[in-house]
Structures are given as structure tokens and as C-alpha cells.
Amino acid sequence: MSKKSRPPKSRPPHRTVFAPETGEAPLYWECPECGYITGDPQFMDGSHPCPFCGKVDGERRSYPTDRIRRLDSRIRQYNRDGDHEIVVILVMALLEAVLEDILDRIMDAHGADLPLRRMVMDTQRAIGTRIGKIFPSLTGEEFEEAAAELGYRDFPYRWREMREARNAFIHDSPFNGVKEALQPSMGHDAMELLDQSYTLFVLMNNRFVADGFSKD
Ligand SMILES: [Zn+2]
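One structure accompanies this document, and this report is about it. (Residues numbered from 1 in each chain as written. Predicted model: local features only at pLDDT ≥ 70, side-chain atom pairs only at ≥ 80, totals over all residues.)

### Observations regarding the overall build of the protein chain
Logical step 1: From N to C terminus, the protein chain includes seven helices and three strands.
Logical step 2: When the helices and strands of the protein chain are read in sequence order from the N terminus, they spell out β-β-β-α-α-α-α-α-α-α.
Logical step 3: Counting over 216 residues, the protein chain shows a buried share of 30%.
Logical step 4: Contacts in the protein chain between residues far apart in sequence, at least 24 positions, make up 63% of those at least 6 positions apart. (Helix = DSSP H or I, 4+ residues; strand = E, 2+ residues; numbered from the N terminus. Buried ≥ 20, exposed ≤ 12 C-beta atoms within 10 Å, placed from the backbone. Contact = placed C-beta atoms within 7 Å.)

Below you can see the structure in the form of C-alpha cells.
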């Protein structure tokens, strides 16, 4: 099987357990062996085997990273304060960090070492390139297609719309006319995208990183 071919249909179905909603960044645990991620709290104690690779011991790392969690908690505070423009801008920054994380993990699963991964991320900074070129070249699927298969068909479209609104807002200038301010409802939409991004990227991780189909 080539690296770009689709995983066989006989692979086990996803058994991803989502973390409960707590009003904060969700807490997931990651298998250090295969990268599988679950919100099942039993998984963190190190006595339950990984559903993917069966490994029992090893310290489970928490996911998302502390850096993301700190940004998440600030976003939620701005949201409580009703500062929807800051919410939109920071959610877009967080989603880009989460995307960079998943691309890095998929490249790692392909065997790319750190200098190579760093070079790719440093030279391919545009989000459109990361979604439109890097993701499909690593997974053999368009980002939109993968999101739809995992139950998040609207996510890529809504994310793109919000990026465009954010860009129009940030790059507003006296030379290109008056741009509408970001609407308060966009803060609400951004918070929905934020919550969805965690579950979508955990699903993508378990599909494109943990199942290891890209390694053969
Ligand atoms: Zn595992």
C-alpha cells in the first residue's frame, strides 16, 4: 500500500471517547506509544491498555497542550466579558495552532524528524497552503472530505468564513473603505468552532496518527 492510499475498510471503527463538557478546554489523554487520544478518564491511570496498540504502562500525556489550554481559558474569559471581537481573533489563532499540532503529529507518524517538520512549518506558514496542500499530501484526502467523513461537514466552510471576516476586520484601512465590524453573533459562532475543533482534531488524530496506516 502506498503512503497516499486510503486506509483499508477493514480497519477497526473509531471508538473515540470524548471528554465531557466542562466549560473549559476538554481534557484528553494520549498513549505515548501510538498517539491514540481518548477522553476516557480510566485511560490516564496507566493500568488500562490502549485500545489501539494494547500498551498498558507509560505515562499518558494530556491533550491539548498547556499552551493551548492557557489560550483557551483566556478566550473563555473574553467571551464571558462579551468581547466578541477579541474572541474571534483569538479563536482563529487557537485553531491555527491546533491545525499545526495535528499536521506535526501526522508528519511524525510518517517518520519525519523534527528538523524536517520544523522546516515544513517554517516555510509553509499560510493556512490555505497547510489545509489545501500539506494536509491532503499527508493523508491522501482533502481536509473538507476528511472532516465530512468524521461528522464535521460544515466545519471547514465555517472556519474559512470566519477567517475571511477576521482578515477583513484586522486589515481594515481608510484606503479600502469602511469594513463592517465583527458582529456579536460571530463570537458565539467562534466559540462553537472552538469546541468542535477539539473533537474534530482528536478524531483526525485517531484516524491519521494513531491507526498508523501511513507507516506501511
Ligand atoms: Zn497506544
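### Here's the deal with the sheet that holds strand E1 (residues 28-30)
Logical step 1: The strand order across the open sheet formed by three strands is E2-E1-E3, and the pairing between neighbours is antiparallel. At either margin of the open sheet sits one strand with a lone partner, and together these are strand E2 (37-38) and strand E3 (61-63).
Logical step 2: As defined by bridge partners, E1 adjoins E2 across two bridges and the pair is classed as antiparallel. The residue of E2 that forms the bridge with Glu-30 is Ile-37. (Pairing = 2+ DSSP bridges.)

### Looking at the nonpolar core
Logical step 1: Grouped together as the largest cluster of nonpolar side chains are 47 residues, with contacts concentrated most on Val-91, Leu-95 and Ile-106.
Logical step 2: Put simply, the parts of the chain that give this core at least two residues each are E1, helix H1 (66-80), helix H2 (84-109), helix H4 (127-139), helix H5 (143-149), helix H6 (155-170) and helix H7 (184-210).
Logical step 3: If we ignore the near neighbours within four places in the chain, the residues touching Ile-106 are Leu-138, Thr-139, Phe-208 and Val-209. (Core = buried A, V, L, I, M, F, W, Y, C linked by C-beta atoms within 7 Å.)

### What about the packing of H2 against H6?
Logical step 1: Direction vectors running N to C along H2 and H6 enclose 125°, while the axes themselves pass 10 Å from each other. When the axes of H2 and H6 are compared, the pair comes out oblique. In the crossing of H2 with H6, the sense of the turn from one axis to the other is left-handed. Note on element contacts: H6 touches H2 through Trp-159, Met-162, Arg-163, Arg-166 and Phe-169, opposite Glu-85, Val-88, Ile-89, Met-92 and Leu-95.
Logical step 2: Of the residues that constitute the contact of H2 with H6, the class distribution is seven nonpolar, no polar and three charged. (Axes fitted to C-alpha atoms, helices over the stretch in contact; angles between N-to-C directions. Parallel < 35°, antiparallel > 145°, perpendicular 65-115°, else oblique. Left-handed = near helix turned anticlockwise from the far one by under 90°. Nonpolar A, V, L, I, M, F, W, Y, C, P; charged D, E, K, R; others polar.)

### Looking at H1
Logical step 1: In this model H1 runs 21 Å from its N-terminal to its C-terminal C-alpha over 15 residues, within 8% of the 21 Å that 1.5 Å per residue would give.
Logical step 2: Of all the residues in H1, the buried ones are Leu-71, Asp-72 and Ile-75. The arc that holds every buried residue of H1, seen down its axis, measures 105°, which confines them to one face. Facing away from the buried side of H1, by more than 90 degrees, are the exposed residues Asp-66, Arg-70, Ser-73, Gln-77 and Arg-80. (Expected span 1.5 Å × (residues − 1). Arc of directions from axis to C-beta.)

### Considerations on unusual backbone geometry
Logical step 1: For the peptide bond that leads from Tyr-63 to Pro-64, omega is 0°, which places it in the cis range.
Logical step 2: For Pro-64, the position within the fold is in the loop between E3 and H1.

### With respect to the environment of Cys-50
Logical step 1: Within the secondary structure, Cys-50 is located in the loop between E2 and E3.
Logical step 2: Given 21 C-beta atoms within 10 Å, Cys-50 falls into the buried group.
Logical step 3: Separated by 19 residues in the primary sequence, Cys-50 and Cys-31 place their C-alpha atoms 6.7 Å from one another.

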